[in-house]
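Here is what each chain is made of, one letter per residue.
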Amino acid sequence: MIWDYQAQLARRLLLWGLLSAGAGAWLLSGQAELWRGFGLQTLLWGLIDAVIALFSLRRAGKRLHLRVDLEESARERTSLRRVLRINTWLDLLYIAGGAALLILRGGQDAFAAGNGWGIILQGAFLLLFDGLHAWKIPE
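Please read all numbers here as calculations on a predicted model, not as lab measurements.

Asks: Any chance you could explain the layout of surface pockets here in plain terms?
Replies: Empty space among the atoms becomes visible once a probe the size of a water molecule is rolled across them. Approximately 510 Å³ is the volume found for the largest pocket. Leu13, Ile52, Ser56, Val83 and Asn87 are the residues nearest the centre of the largest pocket, which is lined by 24 residues in total. Secondary-structure elements contributing two or more residues to the lining of the largest pocket are α1 (2-28), α2 (33-63), α3 (70-105) and α4 (110-135). In terms of residue count, the dominant contributor to the lining of the largest pocket is α3 (9 residues). Residues of the lining of the largest pocket, tallied by class, amount to 15 nonpolar, 4 polar and 5 charged.

Asks: Honestly, the side chain of Asp91 in this entry has me stumped. Any pointers?
Replies: Within the secondary structure, Asp91 sits in helix α3. We note that Asp91 is buried and unpaired, the nearest opposite charge coming from Arg85 at a distance of 12 Å. Residues within four places of Asp91 in sequence aside, it is in contact with Gly123, Leu126, Leu127 and Asp130.

Analysis parameters
Residues numbered from 1 in each chain as written. Predicted model: local features only at pLDDT ≥ 70, side-chain atom pairs only at ≥ 80, totals over all residues. Heavy atoms only, no water. 1 Å grid on protein atoms, 1.4 Å probe; cavity = no way out; pocket = protein on both sides within 12 Å on 5 of 7 lines; lining within 4 Å. Points joined across faces, edges and corners; volume = space filled by probe spheres on them. Helix = DSSP H or I, 4+ residues; strand = E, 2+ residues; numbered from the N terminus. Nonpolar A, V, L, I, M, F, W, Y, C, P; charged D, E, K, R; others polar. Buried < 20%, exposed > 50% of the residue type's maximum accessible area, 1.4 Å probe, protein only. Lys, Arg positive; Asp, Glu negative; His and termini not counted. Salt bridge = Lys/Arg side-chain N within 4 Å of Asp/Glu carboxyl O. Contact = heavy atoms within 4.5 Å.

Printed below as a string of structure tokens:
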């Protein structure tokens, strides 16, 4: 059922978010500006991913044990696929934005370079995450 899939997807995103936030906090406490920039992006994106995942888990959890409405389930499947596909395109923009920051400012500023690499990594992960989950939505 689509609600089980959404809960599974949310748990995976929560795990990534918490790992990212923890790693980002650790990197942010370091001395090297490159790693501090990378850590800042990793922390921020991790926190945002974790919040999104918690809201998704809450929403899916409300539906998990209710009677299955096939029409509602089909609408939700279509909606989830659309959201994940839109997110996949946005992820490409995030990667491009990180690369632009790296190119425009990374040569002069190690902190900016770290931020650029952090955005690229998070965008690349989300590109794979959203793309694979959109492709694997159960029928």
